[in-house]
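Report on the structure
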Amino acid sequence: MEKQIECLGTKVIFADGFSSLSGEIEKLDSPVLWVCDSNTARMVRPLPEPNVILQPGTASKHWPSVERILSVAVENSFPKNGTFLALGGGVITDVTGFAASIYHRGCKLAFIPTTLVAMSDACLGGSQNIDFLDKHDVVGGFYPAHTVIVCTEILQSLSEHDFMNGLGEIIKFAFLSDSEDLLRVLIVDKKNVFRHDRQTLQNIIEQSLSIKKKFLEKDIDAATGKCKAMSLGHPLAYALENLRRNQFSHGQAEVWGLCRSMEIATETNVCDKYFADTVTKLCRSFGYDTDYKIYRGEWNTFKNLIRPNGLQNDGDFSLVLLESQGKYTVRNIPEEVLRNAVLQAATV
C-alpha cells in the first residue's frame, strides 16, 4: 500500500520510483497542463501538450512566468476542471500555483517536486509566492495543491548545492518537533543522508511533512493566517536572502536564521546555552556557515528587510524562539539584542 499524507486538502503520495509516476499522473483524471523548466522537462520524453517550459532558477520567479502559463492555458482553451501540473522545484511550484489560483478563479493544481526543499517543505501548506520589484516573495497567496507526488528517485541527480538547500529546512523541522525521531535519523544516519540513500531520504521527507502537517493543522495564527512555528528563524533568513541576493540559498539562510535565533534565545534566557550549542553544532556538522555576521554599516538595511514579515511590535522585534526540543515561544526582542546577534563585532 502506497504511503500517503493528507493535510488541508492536499494529498501527498509517495511513488515507488519513476516507473510508477505515470500511473499516479493518470489518476489525476483531468486534462493536464505541464509546467517545467528546461532541466526538468528532460525527465519526460516526449513532454505532453500543452506545456510551458521556463528558464531554470529564480529568474523565472516573476510575473512574466505566471503570464506565460496563463497565456498557454487561454490559447489552448484549457478547461477550468483541468490540472496545472508543476514538475520542478520551489520556483516552478510557486509560479504554477499562483497561476492556478487565478485561472478561472482557481483550477486544479498538482506538484511533482524535484528538489529536497520542495519535497520536504514547499509542497505542503499552499503558500505560492513570486518576487516583485526586486523583493523576495512579496506577491502571492495561499492555494494548496490537491495532489503532490513525491518520488525520491529524482533526488539521485540533485546537485549538492540544491541538496543542502533542502536539508536546512529539514534540520529546522527536527528541532521544532516534540519528538526526537527526525533528529535521531539526522545524527545516526548522517552518512546515508549525504549518500542520498533513497530509503533514508524518504524517511526524513515523510517525517518533515508529518511535522509540518501537525503545525499547519493546529498552529495557525488567526490574525495573520501564518503558521507561527514555521517562522522560527525565518524573518532573519528572509532579510539575509534579500541583503545577500544569490549568495545564500533559501535553506542556507534558514539555517543561519535558526542559529542567530538560538543566540538571541540564549542572550534573553529563553533557552540554556547547552541546547543552543546543540542546535548550532548539528548545523555546523552538516557543513553550514553558522558564524556568518553582516557588516555593521548594513544594519539599517537589514532591519528594514525584516519589516515585510510583520514581526515588529512597539519598536521591538517579535520573534519565534526555541525554549527546548519541540517547545517554542514568541518574544519581543529589543533592537540592541538583535543587532548584536547578526552584526560583526566592532573593531577598534
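Structure: above.
So, here is what we can say about the structure in this document.

What counts as what
- As a convention, each chain's residues are numbered from 1 in the sequence order in which they are written.
- Since the coordinates come from a predicted model, pLDDT governs what is reported: local features require at least 70, and pairs of side-chain atoms require 80 or more to be given and counted, while whole-chain, interface and lining totals use all residues.
- Excluding hydrogens and water, the side-chain figures rest on all heavy atoms present in the structure.
- Helix and strand labels come from DSSP, where a helix needs a run of H or I of at least four residues and a strand needs a run of E of at least two; each type is numbered from the N terminus.
- A radius of gyration in this sense is built from C-alpha atoms; the matching globule rule multiplies 2.2 Å by the number of residues raised to 0.38.
- Burial classes follow relative accessibility: with a 1.4 Å probe on protein chains only, a residue under 20% of its type's maximum area counts as buried, one over 50% as exposed, and anything between as partly exposed.
- Only heavy atoms matter for contacts: two residues are in contact if any of them lie within 4.5 Å across the pair.
- With residues, only the protein chains shown are counted as cover, and all accessible areas are computed by Shrake-Rupley using a 1.4 Å probe.
- We count Lys and Arg on the positive side and Asp and Glu on the negative side, and we leave His and both chain ends out.
- Working definition for charges: the position is that of NZ of Lys, CZ of Arg, CG of Asp or CD of Glu.
- At least two bridges found by DSSP between two strands are what make those strands a pair.
- The axes used here are C-alpha line fits, helices contributing only the stretch in contact, and every angle between their N-to-C directions lies in the interval 0 to 180 degrees.
- Residues enter patches when they are more than 30% accessible in relative terms and free of salt bridges; like-charged ones are connected within 9 Å and nonpolar ones (Val, Leu, Ile, Met, Phe, Trp, Tyr) within 5 Å.
- Counted as salt bridges are all cases of a side-chain nitrogen of Lys or Arg within 4 Å of a carboxyl oxygen of Asp or Glu.
- Helix span, expected: 1.5 Å multiplied by one less than the number of residues in the helix.
- Relevant arc is that of directions from the helix axis to the C-beta atoms, nothing else.
- Each Phe, Tyr or Trp ring (for Trp, its six-membered ring) is paired with any other whose centre lies within 6.5 Å, and the angle between the two planes then decides the class: stacked below 30 degrees, edge-to-face above 60, tilted in between.
- Any Lys NZ or Arg CZ that is within 6 Å of a ring centre and within 35 degrees of that ring's normal is treated as a charge sitting over the ring.

**What to know about the overall build of the protein chain**
Counting its regular elements, the protein chain contains 13 helices and twelve strands. The C-alpha atoms of the protein chain give a radius of gyration of 20 Å, which matches the 20 Å a tight globule of 348 residues would have. Scored against the burial criterion, the 348 residues of the protein chain give a buried share of 54%. Excluding contacts between residues fewer than 6 apart, the proportion of contacts in the protein chain whose partners are at least 24 apart in sequence is 70%. Surface summary for the protein chain: the accessible area is close to 15600 Å², and the carbon and sulfur share equals 49%. Here the protein chain contributes 36 positively and 42 negatively charged side chains, and the mean placements of these two sets differ by 2 Å.

**Considering the sheet that holds strand S6 (residues 108-113)**
Taking strand neighbours across the sheet as the criterion, the seven strands line up as S1-S2-S9-S6-S5-S3-S4 in an open arrangement whose pairing is mixed. Bordering the open sheet on either side are strand S1 (4-7) and strand S4 (51-54), each of which pairs with just one other strand. Strand after strand, the sheet turns through a mean of 15° between neighbouring axes, direction not considered. Note: S6 against strand S9 (residues 147-150), two bridges, orientation parallel. Bridging from a neighbouring strand, Ala110 pairs with Thr147 of S9. Across the face of the sheet, helix H2 (residues 63-75) comes into contact with strand S3 (32-37), S4 and strand S5 (83-88) while running at roughly 160° to S4. Packing against the sheet, helix H3 (residues 90-102) makes contact with S3, S4, S5 and S6, and its axis sits at approximately 170° to S5.

**Regarding the pairing of S9**
The alternating pattern of S9 places Thr147 and Ile149 on one face and Val148 and Val150 on the opposite face, and all of these are buried. The sheet contact formed by strand S2 (residues 10-14) and S9 spans four bridges and is parallel. Opposite Lys11, over in S9, you have Thr147 as the bridge partner.

**Some thoughts on a nonpolar patch on the surface**
Taken together, the side chains of Phe132, Leu133 and Val138 present a nonpolar region at the surface, about 310 Å² in accessible area. For Phe132, the location among the structural elements is in strand S7 (residues 127-132).

**Quick look at the side chain of Ser249**
Mapped onto the secondary structure, Ser249 falls in the loop between helix H9 (234-243) and helix H10 (250-267). Judged by its relative accessible area of 9%, Ser249 is buried. Aside from chain neighbours lying at most four places away, what touches Ser249 is His161, Asn165 and Glu241.

**Looking at H2**
Counted at 1.5 Å a residue, the expected span for H2 with its 13 residues is 18 Å, and the 18 Å between its end C-alpha atoms agrees. For H2, the full list of buried residues reads Ser65, Val66, Ile69, Leu70, Val72 and Ala73. Down the axis of H2, the smallest arc covering the buried residues is 160°, so these residues share one side. In H2, the exposed positions angled more than 90 degrees off the buried face are occupied by Pro64, Val74 and Glu75.

**A closer look at the pairing of strand S12 (residues 327-333)**
Strand direction decides the pairing type here: strand S11 (residues 316-324) and S12, joined by seven bridges, are antiparallel. Within S12, the position partnered with Phe317 by the bridge is Ile333. Taking the residues that link successive antiparallel strands as the turn, the S11-S12 hairpin has two residues, and the phi of Gly326 there is positive, at about 75°.

**Points about unusual backbone geometry**
A cis amide bond links Arg45 with the next residue in sequence, Pro46, at an omega value of -10°. Within the chain, Leu8 stands out as a residue other than glycine whose phi angle is a positive 50°. Tracing the backbone through its elements, the reader meets Leu8 in the loop between S1 and S2. Even without a glycine there, the phi angle at Arg105 is positive, about 60°. Mapped onto the secondary structure, Arg105 falls in the loop between H3 and S6. The exposure class of Arg105 is exposed, given its relative accessible area of 76%.

**Looking at the packing of aromatic side chains**
Under the definition given, this model contains ten aromatic pairs. Where Trp63 meets Phe98, the ring centres are 6.4 Å apart and the plane angle is 70°; that geometry is what we call edge-to-face. You can see Trp63 sitting in helix H2 and its partner Phe98 sitting in helix H3, a full 35 residues away along the chain. Owing to a relative accessible area of 11%, Phe98 belongs among the buried residues under this scheme. Here the aromatic rings of Phe194 and Phe286 are separated by 5.4 Å at their centres, their planes lie at 40°, and the arrangement is tilted. Of this pair, Phe194 sits in helix H7 (residues 190-194) while Phe286 sits in the loop between helix H11 (273-285) and helix H12 (299-306); the two residues are 92 residues apart in sequence, bridging distant segments of the chain. Here a set of aromatic residues connected by ring pairs shows up, and it is made of Trp256, Trp299, Phe302 and Phe317. Here Lys190 stacks its cationic end above the ring of Phe286, 4.9 Å away from the centre of that ring.

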